[in-house]
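Analysis of the macromolecular model
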Amino acid sequence: MSPPSILTDPLERVSADHQAPVALSYELFPPRTPSAVDGLWATIRELESTNPDYVSVTYGASGSNRDTAVELLHRLLSETSLRPLAHLTCIGNTANELAAIIAELLDAGVRGILALRGDHRTDGSEEHPPGALNYAQDLVELIRRVEQRRSAMLAAGKVAIGVAAYPTRHPESPSEQHDVEVLLAKQRSGADFAITQVFFHPEQYADLLSRAKRAGVSIPIIPGVMPFTSVKRLERLAQLTGVQPAPELLTALSHAQDDGERRRVGVRATTELAKAVLQVGAPGLHLYTFNQHQAALEVLDRLDLPRPTRPAGRSSQQPSQLLSKDPS
Ligand code: FAD
């Protein structure tokens, strides 16, 4: 008879004793001008102090900001304790071009990639070279192939692949049901987790969880939550993604007297949304920061998330502490 295994313990006991903490992550975009760099780094330092699990770095349409994105990823790896998740889009790029970019990211030390298709250009100027990938699912498969060729190098840190999920129908999709079938296909191709598009009502996220579960999706679906502090930003978001802001929120923000009141209104609404999605089982929160930390941190303060404590990262060590570790 084989010795008893811990896995033969009643599963409920094991899971009750080891509740996973709530995952925490932030989205940043690469600075668009040299003058934006200092502000971004002030934000990065503030976010770093909250010990997130990772920060994601967006990728401009068809790689339009590729150099600044790669530079930001390099600096995050070398100058902070933060783990970056690199967004990558495949639209308009061939498998060979993308394989070279993935290899470059892995060689730089990136271990997390958010595999996306990217948006079609609205002006019709899009190129579709022979061999270009069509869907995010193809990119997930390509990342797994490049990873396989680097298995030895990745022995102590395989690549985590995230994908996009949609609480409200993707604008090109025939139905929400089709969206979860696509999500399932991305899971089957090797995705480890999903992050959602912005949404305004907790029921939209809860419904996505139920639809996805019924379809057989088992990867965590992390809600993407945006601090709702700017009317302009919400209107732009609606234009870009088709996600319509809640009218009562737009009204409350428009009637606010000044930026301070707008932030209070937005932070309150965002906190309520975050609490509601955690209650229906969200495994974490991904905060869209728009490179500004204040509203994101105010939301966090009001949530008091159960988070693990970690040893101090590289950037929180003072130069004198680093020197005192030198054995020579
Ligand atoms: P896909 O999963 O490929 O889906 C695209 C469309 O094709 C959907 O309508 C889907 O239903 C359909 N589809 C997919 N597979 C199939 C199939 N096999 N057969 C038929 N139809 C199919 N964009 C950027 O440019 N840069 C970013 O950094 C970026 N970051 C993002 C982060 C998050 C968390 C999210 C949610 C979106 C982000 N986007 C970004 C936007 C994203 O690129 C767009 O939403 C894009 O339109 C779809 O990308 P996707 O990865 O969901 O594509």
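What you see is a predicted model; the values in this text were computed from it and never measured. (Residues numbered from 1 in each chain as written. Predicted model: local features only at pLDDT ≥ 70, side-chain atom pairs only at ≥ 80, totals over all residues. Heavy atoms only, no water.)

**Brief notes about empty space enclosed by the protein**
Applying the stated criterion across every chain, the model contains 1 cavity of 30 Å³ or more. In this model, the largest cavity occupies a volume close to 60 Å³. Lining the largest cavity are V57, T58, Y59, R66, A69, V70, L73, A86, H87, I101 and L105. Counting only elements with at least two residues in the lining of the largest cavity, the list comes to α3 (66-79), β3 (84-89) and α4 (95-108). Here the element with the most residues in the lining of the largest cavity is α3; it accounts for 4 residues. For the lining of the largest cavity, a count of residues per class yields 8 nonpolar, 2 polar and 1 charged. (1 Å grid on protein atoms, 1.4 Å probe; cavity = no way out; pocket = protein on both sides within 12 Å on 5 of 7 lines; lining within 4 Å. Points joined across faces, edges and corners; volume = space filled by probe spheres on them. Helix = DSSP H or I, 4+ residues; strand = E, 2+ residues; numbered from the N terminus. Nonpolar A, V, L, I, M, F, W, Y, C, P; charged D, E, K, R; others polar.)

**Focus on the layout of surface pockets**
Estimates place the volume of the second largest pocket at around 380 Å³. As for the second largest pocket, its lining consists of 18 residues, and the residues nearest its centre are D53, Y54, R83, P84 and R111. Across the lining of the second largest pocket, the residue classes tally to 9 nonpolar, 4 polar and 5 charged.

**Looking at the site of the ligand**
The environment of the ligand is formed by 25 residues, the closest being Y59, D119, Y166, H170 and K186. Residue G118 places a main-chain N or O atom 3.0 Å away from an oxygen atom belonging to the ligand. Taking A136, its main chain carries an N or O atom lying 2.8 Å from an oxygen atom of the ligand. When the ligand is considered free in solution it has 970 Å² of accessible area, and contact with the protein chains removes 85% of it. Where the shell around the ligand is concerned, the elements lending two or more residues are β3, β4 (112-116), α5 (136-149), α6 (176-189) and β6 (193-196). If one sorts the elements of the shell around the ligand by residue count, α6 sits on top with 4 residues. Along the lines of polarity and charge, the residues of the shell around the ligand split into 10 nonpolar, 10 polar and 5 charged. (Near = heavy atom within 4 Å. Polar contact = N/O pair within 3.5 Å; in protein donor to acceptor, adjacent residues only side chain to side chain. Areas by Shrake-Rupley, 256 points an atom, 1.4 Å probe, with all protein chains shown as cover.)

**Focus: the nonpolar core**
The biggest cluster of nonpolar side chains holds 88 residues, and the ones touching the most others in it are I102, I113, L139, F200 and I221. No other element matches α4, which puts 7 residues into this core. Leave out the neighbours within four places in its chain, and F200 touches F228, L234, L237, V243, Q244, P245, A246, L249 and L273. (Core = buried A, V, L, I, M, F, W, Y, C linked by side-chain atoms within 4.5 Å. Buried < 20%, exposed > 50% of the residue type's maximum accessible area, 1.4 Å probe, protein only. Contact = heavy atoms within 4.5 Å.)

**A look at the packing of aromatic side chains**
Aromatic ring pairs are reported here in terms of the distance separating the ring centres and the angle at which the planes meet. In total, this model carries 3 aromatic pairs according to the counting rule given. With a centroid separation of 5.8 Å and an interplanar angle of 15 degrees, the aromatic rings of F199 and Y205 are classed as stacked. The pair F199 / Y205 is uniform in exposure class, with both members buried. Here the aromatic rings of F200 and F228 are separated by 4.9 Å at their centres, their planes lie at 25 degrees, and the arrangement is stacked. Here F200 is found in the loop between β6 and α7 (202-215), whereas its partner F228 is found in the loop between β8 (224-225) and α8 (231-241), with 28 residues between them in sequence. The burial state of F200 is the same as that of F228; both residues are buried. It is R32 that lies over the ring of F29; its NZ or CZ is 4.4 Å from the centre. Its guanidinium or amino end placed over the ring of F290, R233 lies 4.3 Å from that ring's centre, counting from NZ or CZ. (Phe/Tyr/Trp six-rings, centres within 6.5 Å; stacked < 30°, edge-to-face > 60°. Lys NZ or Arg CZ within 6 Å of the ring centre and 35° of its normal.)

**Some details on α4**
Compared with an ideal rise of 1.5 Å per residue, which puts 14 residues at 20 Å, α4 spans 20 Å between its outermost C-alpha atoms and is within 8% of the ideal. Residues of α4 that are buried include every one of L98, A99, I101, I102, A103, L105 and L106, and no others. G109, located one to two residues past α4, shows a positive phi value of around 110 degrees. (Expected span 1.5 Å × (residues − 1).)

**Structural notes on the packing of α4 against α5**
Put simply, α4 and α5 touch, their axes get as near as 10 Å, and they point 55 degrees apart. The angle between α4 and α5 places the two elements in the oblique class. Crossing hand, α4 versus α5: right-handed. Contact residues: α4 offers A95, L98, A99, I102, A103 and L106, while α5 offers L139, L142, I143, V146 and E147. Here the contact of α4 with α5 is built from residues that sort into 10 nonpolar, no polar and 1 charged. (Axes fitted to C-alpha atoms, helices over the stretch in contact; angles between N-to-C directions. Parallel < 35°, antiparallel > 145°, perpendicular 65-115°, else oblique. Left-handed = near helix turned anticlockwise from the far one by under 90°.)

In short, geometric facts, not functional conclusions.
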